[in-house]
Amino acid sequence: MKLLISYSIISAVAILFYSSSFWSQLTSLLHQTPLASFLSTTQNPSNGPSRRASSNSTSFFGLPLVPPTFFAPNKPTNMTVPRAIRQAFLAIEQSEGAGARVRRSIGTPKLRNFSPFLMLDHFSVAPGAGFPDHPHRGQETITYLLNGAVDHEDFAGNAGTIEAGDLQFMTAGRGIMHAEMPRQNPDGSANVGMQLWVDLPEKLKTCEPRYRDLRAAEIPTIKVDDGNVTIKIISGQSHGTDSVQELAYTPVWIFDIKIAPGGKVTQPLPVGWNAFAYTLAGSTAFGVGKDQTTVGQYHNVVFEQKGDSVSAEVAKEANENGQFILVAGLPLDQKVVQYGPFVLNTQEEVYQAMLDYQSHQNGFERAKGWQSEIGKSMVH
């Protein structure tokens, strides 16, 4: 019963989070309910080798994006072990933020804390809606815009816009407060994209926040299988082509893959990394032989950790292309304690994060009195 009550409270707070009155409501709730009942604590299973950052936050530049073990000189390049599907489920659309619609797959009871991944949202934000001023601590966010344009602004004076095909990698580190708001599209269409939350290694939870924008024109794009498969290599390596390096502290590979009817592809992945695919369009068959499963649009396909590749194809008789985002990341051997926008390793650290935000200290000094220009329209 206590767990049920705790989960209900967390869900209610998540809905309230992006509203301008969230923190005043939270203060009221804290006077009524012990904070411990709000906290969601998950001990990650031993789902990969223990890899902790050994450098401090001032000198650490990220773990290797392509691990040395990815290259096996004694293994023929045409011999791979395809990963089987652990589960595949539909991402249900729901309301989020202030007027946004999202399909959340990671960060739900179906798939929670799939290390290093904390949350995956496929969002659709119409003009006039968005994500006004809100804080973060302890994680990275990766935003991939599929349609439209989104402005961002933070309390350190950083501001900019990402457009269709662009990505933004944001490291919250010790603390950041920012806003993400959609542009008004000439045709009135919604701004659509993906946002992935990635956990930070424990020793980097207090690093300085930073941004890295990746423009569509900078992303290597290759064609394989006689032109039937197009792969955008956002991060990682595919068929001998490398992406732009050092975008995130936690190593994550991201590919946007489009397969024409009759096309097929096998994408190698680092051994021991967790991996999933999110289907954006069409129907795609994942796996090989008797383990092959055809998955429709808006599903999250979670792969077993065993294996070193993911195979996918689209039937010849299909009437449209299959498109999916394939993501793999290094599991972190650490506890996850998350309360809304704060992702730490102990309950005490979450208590401290809330105190720091409310008292404007330890990374949140600039939050005092700050209000984004792009979020003012929603506040008023």
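Basis of the calculations
- Residues numbered from 1 in each chain as written.
- Predicted model: local features only at pLDDT ≥ 70, side-chain atom pairs only at ≥ 80, totals over all residues.
- Heavy atoms only, no water.
- UniProt positions renumbered as here; feature names shortened; annotations may be inferred.
- Helix = DSSP H or I, 4+ residues; strand = E, 2+ residues; numbered from the N terminus.
- Expected span 1.5 Å × (residues − 1).
- Buried < 20%, exposed > 50% of the residue type's maximum accessible area, 1.4 Å probe, protein only.
- Arc of directions from axis to C-beta.
- Polar contact = N/O pair within 3.5 Å; in protein donor to acceptor, adjacent residues only side chain to side chain.
- Contact = heavy atoms within 4.5 Å.
- Salt bridge = Lys/Arg side-chain N within 4 Å of Asp/Glu carboxyl O.
- Pairing = 2+ DSSP bridges.
- Axes fitted to C-alpha atoms, helices over the stretch in contact; angles between N-to-C directions.

- Per an unreviewed UniProt entry, the protein chain is named Pirin, and its organism is Letharia lupina.
- The protein chain has a UniProt comment under Sequence similarities (unreviewed entry) that states "Belongs to the pirin family."

**A look at helix α3 (residues 347-359)**
- Helix length check: α3, at 13 residues, gives a terminal C-alpha distance of 18 Å against a target of 18 Å (1.5 Å per residue), a fit within 8%.
- Here α3 has its buried residues at Val 350, Ala 353, Met 354, Asp 356 and Tyr 357. Projection of α3 onto a plane perpendicular to its axis shows the buried side chains occupying an angular sector of 160°, all on one side.
- Of the residues flanking the end of α3, it is His 360, one or two places downstream, whose phi is positive at about 55°.

**Structural notes on the side chain of Asn 191**
- Tracing the backbone through its elements, the reader meets Asn 191 in strand β12 (residues 191-199).
- For Asn 191, a relative accessible area of 0% translates into the label buried.
- Of the polar contacts made by the side chain of Asn 191, one reaches the backbone oxygen of Arg 183; its length is 3.2 Å.

**Details of the environment of Tyr 298**
- Structurally, the position occupied by Tyr 298 is in the loop between β22 (293-295) and β23 (299-303).
- Beyond its immediate chain neighbours, meaning those up to four positions away, Tyr 298 contacts Phe 89, Leu 90, Ala 91, Arg 103, His 122, Tyr 278, Thr 279 and Leu 280.
- Looking at Tyr 298, its side chain comes within polar contact range of the side chain of Gln 297, at 3.4 Å.

**Thoughts on the pattern of salt bridges**
- The tally for this structure, following the rule as stated, stands at 12 salt bridges.
- For Arg 104, the salt bridge identified is with Asp 121, shortest N-O distance 2.7 Å. Here Asp 121 lies in strand β5 (residues 117-125) and Arg 104 lies in strand β4 (residues 100-104), a separation of 17 residues in the sequence. The residues Arg 104 and Asp 121 share a single accessibility class, namely buried.
- Asp 166 is the salt-bridge partner of Arg 215, the closest N and O atoms lying 3.0 Å from each other. Taken as a pair, Arg 215 in the loop between β13 (210-214) and β14 (221-224) and Asp 166 in the loop between β9 (159-163) and β10 (167-171) lie far apart in primary sequence, 49 residues in all.
- Through salt bridges with shared partners, a single network forms among Asp 166, Asp 213 and Arg 215.

**Focus on the sheet that holds β4**
- Taken in spatial order, the seven strands of this open sheet run β3-β4-β5-β12-β7-β10-β13, and their pairing is antiparallel. Both edges of this open sheet fall to β3 (93-96) and β13, since each of them pairs with a single strand only. If you compare each strand with its neighbour and ignore which way they point, the axes differ by 25° on average.
- In this structure, β3 lies alongside β4, joined through four bridges in antiparallel fashion. When the sheet's bridge partners are listed, Glu 93 is paired in β4 with Arg 103.

**Comments concerning the pairing of strand β24 (residues 309-313)**
- Summarising burial for β24: four of the five residues are buried, a large majority.
- Across five bridges, the pairing between strand β19 (residues 264-268) and β24 is antiparallel. Paired with Gln 267 across the bridge in β24 is Val 310.
- When strand β21 (residues 284-286) meets β24, the two strands line up antiparallel, connected through two bridges. Within β24, the residue paired with Phe 286 across the bridge is Ala 312.

**Topic: the pairing of strand β15 (residues 229-235)**
- By the criterion of burial, β15 is predominantly enclosed, with six of the seven residues buried.
- Judged from the four bridges that link them, β14 and β15 form a sheet pairing that is antiparallel. Note that in β15 the partner of Ile 222 across the bridge is Ile 231.
- A loop of four residues connects β14 with β15, the two strands running antiparallel in sequence, and Asp 225 in this loop sits at a positive phi of about 55°.
- Taken together, the six bridges between β15 and strand β18 (residues 252-259) define a ladder with antiparallel strand orientation. When the sheet's bridge partners are listed, Val 229 is paired in β18 with Ile 259.

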